[in-house]
Amino acid sequence: MRVIETVAELRSWRRSISGTLGLVPTMGYLHAGHLALVQRARAENAQVAVSIFVNPTQFGPGEDYDRYPRDTERDLVLLREAGVDVVYMPTPDEMYPPGFDTAIDVGGITARLEGASRPHHFRGVATVVAKLFNQVQPDRAYFGQKDAQQLLVVRKMVRDLDLPVEIVPVPTVREPDGLALSSRNVALTPAERTAALSLSRGLFTAQDRYRAGERDADVLRAVVSEHLAAEPLVEPDYVSLADAETLEELTVVDRPALLSLAARIGQTRLIDNVLLGDESD
Ligand code: AMP
């Protein structure tokens, strides 16, 4: 496994390989969710590259850029075990050299949900993902359904800009008790960890109600909100039940939909979601 830190070295490696290349973009502090993306990429491509870059431009002022967990040595052990060919770890200066001043703004869907709570977040995400695509030039790139809106934003950017990469979605990996894996879970105290279970429990309970025939979006949102409200440590940010493509809020769930939420628990902000009306329903 090669570890590459510069665009120049990455380009020369890219020119030297043949066969398809799969890319898994991450911010490191890897867990089984990231490794599910890596396994999928490994199964579908001759070469696999994983990027580790905590992207400063997608964090707002006062967000957790400085506190974001990092453990490169452990990440490299896990990626070597997973059979990755290249780990690309640019420094912030390599990614954003002095004078860097260009951004990609994906329209429409970026104003909603995470975009409403975190202005400029998706500009940072789209710009760094576009740069990673240009630097690595993958045939396929793997993204988790856990960050459902990010997946939509990346897909729209690829479509709108004719980027020659196939975006592959990977289902959310969860702890046995339902909590979605996240690098940020490490910051939860035991009491917060227990309270955090209300996120997935609320989503699953609403999903059960949907499967039993409930189609009133307000009723389904309320099921989630009630679970969150029952935990004093949980401070909900939003609960959304929206069209799975446009993210427009629904009144009646009469098409594939994304039930998603964000909540603050102590210092930690977590997101989670389930799809309603996809193949599994
Ligand atoms: P991050 O390092 O949090 O930026 O995540 C890197 C990639 O891993 C993104 O495409 C995420 O959606 C994906 N990911 C993070 N957590 C999970 C999870 N629990 N299950 C599946 N994919 C995940």
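Residues numbered from 1 in each chain as written. Predicted model: local features only at pLDDT ≥ 70, side-chain atom pairs only at ≥ 80, totals over all residues. Heavy atoms only, no water.

A. Spatial organisation of the site of the ligand. Lining the immediate environment of the ligand, one finds 17 residues, of which His-34, Gly-144, Asp-147, Val-173 and Leu-181 sit closest. Backbone polar atom of Met-27 to an oxygen atom of the ligand: 2.9 Å apart, as the coordinates give it. Between an oxygen atom of the ligand and a side-chain N or O atom of His-34, the distance comes to 2.8 Å. The fraction of the free accessible surface of the ligand (490 Å²) that becomes covered by protein chains is 93%. Those elements that place two or more of their residues in the shell around the ligand are β2 (21-26), α2 (32-44) and β5 (140-144). Of all the elements, α2 adds the most residues to the shell around the ligand, at three residues. (Near = heavy atom within 4 Å. Polar contact = N/O pair within 3.5 Å; in protein donor to acceptor, adjacent residues only side chain to side chain. Areas by Shrake-Rupley, 256 points an atom, 1.4 Å probe, with all protein chains shown as cover. Helix = DSSP H or I, 4+ residues; strand = E, 2+ residues; numbered from the N terminus.)

B. The arrangement of the pattern of salt bridges in detail. Evaluation of the coordinates by the stated rule reveals 18 salt bridges. A salt bridge links Asp-160 to Lys-156; its shortest N-O distance comes to 3.0 Å. Here the residue Asp-160 and the residue Lys-156 both occupy positions in helix α7 (residues 148-160), the gap between them amounting to four residues, near one helical turn. A residue is classified by how much of its surface remains accessible, and Asp-160, at 47% relative accessible area, is partly exposed. The salt bridge involving Arg-209 is made with Glu-214; its shortest N-O contact spans 3.8 Å. Residue classification places Arg-209 among the partly exposed positions, given a relative accessible area of 36%. Salt bridges linked by common partners bring Glu-114, Asp-237 and Arg-269 together as one network. (Salt bridge = Lys/Arg side-chain N within 4 Å of Asp/Glu carboxyl O. Buried < 20%, exposed > 50% of the residue type's maximum accessible area, 1.4 Å probe, protein only.)

C. Main features of the pairing of β5. Within β5, five of the five residues are buried, which leaves it mostly tucked inside the rest of the structure. Burial along β5 is two-sided: the face carrying Arg-140, Tyr-142 and Gly-144 and the face carrying Ala-141 and Phe-143 are both buried. The pairing of β2 with β5 spans two bridges and is parallel. Counted as the bridge partner of Leu-23 is Ala-141 from β5. Sheet topology note: the β5/strand β6 (residues 166-170) ladder contains five bridges and is parallel. Considered in β6, the bridge of Tyr-142 is made with Val-168. Taken together, β5, α7 and β6 form a β-α-β motif whose crossover is right-handed. (Pairing = 2+ DSSP bridges. Right-handed = clockwise from strand over helix to strand, strands pointing away.)

D. Representation of the packing of aromatic side chains within the structure. Under the criterion given, the structure shown has five aromatic pairs. Ring centres of Phe-59 and Tyr-68 lie 5.9 Å apart, and the angle between their planes is 75°; this geometry places the pair in the edge-to-face category. For Phe-59, a relative accessible area of 10% corresponds to the buried category. Ring centres of Phe-133 and Phe-143 lie 6.4 Å apart, and the angle between their planes is 75°; this geometry places the pair in the edge-to-face category. Within this pair, whereas Phe-133 is found in helix α6 (residues 121-136), its partner Phe-143 is found in strand β5, the two being separated by ten residues in sequence. Judged on exposure class, the residue Phe-133 and its partner Phe-143 are both buried. Taking NZ or CZ as reference, Arg-74 lies 5.8 Å from the ring centre of Tyr-29, over its face. (Phe/Tyr/Trp six-rings, centres within 6.5 Å; stacked < 30°, edge-to-face > 60°. Lys NZ or Arg CZ within 6 Å of the ring centre and 35° of its normal.)

E. Region of interest: the environment of Gly-144. Summarising the element assignment, Gly-144 is placed in strand β5. Along the chain, Gly-144 and Ile-104 lie 40 residues apart, while their C-alpha atoms are 21 Å from each other.

F. Fine view of α6. Between its first and last C-alpha atoms α6 spans 22 Å; for 16 residues at 1.5 Å apiece the expected length is 22 Å, and the two agree. Counting buried positions along α6 yields 14 of 16 residues, so the element is predominantly enclosed. Note on α6: the residue one or two positions beyond its end, Gln-137, has a positive phi of about 50°. (Expected span 1.5 Å × (residues − 1).)

G. Summary view of the packing of α6 against α7. Interhelical geometry of α6 versus α7 gives an angle of 55° and a closest axis separation of 10 Å. By the criterion of interaxial angle, the relationship of α6 to α7 is oblique. In this structure, α6 meets α7 at a crossing whose hand is right-handed. Contact residues: α6 offers Phe-122, Val-125, Ala-126, Val-129, Ala-130 and Phe-133, while α7 offers Gln-149, Gln-150, Val-153, Val-154, Met-157 and Val-158. (Axes fitted to C-alpha atoms, helices over the stretch in contact; angles between N-to-C directions. Parallel < 35°, antiparallel > 145°, perpendicular 65-115°, else oblique. Left-handed = near helix turned anticlockwise from the far one by under 90°. Contact = heavy atoms within 4.5 Å.)

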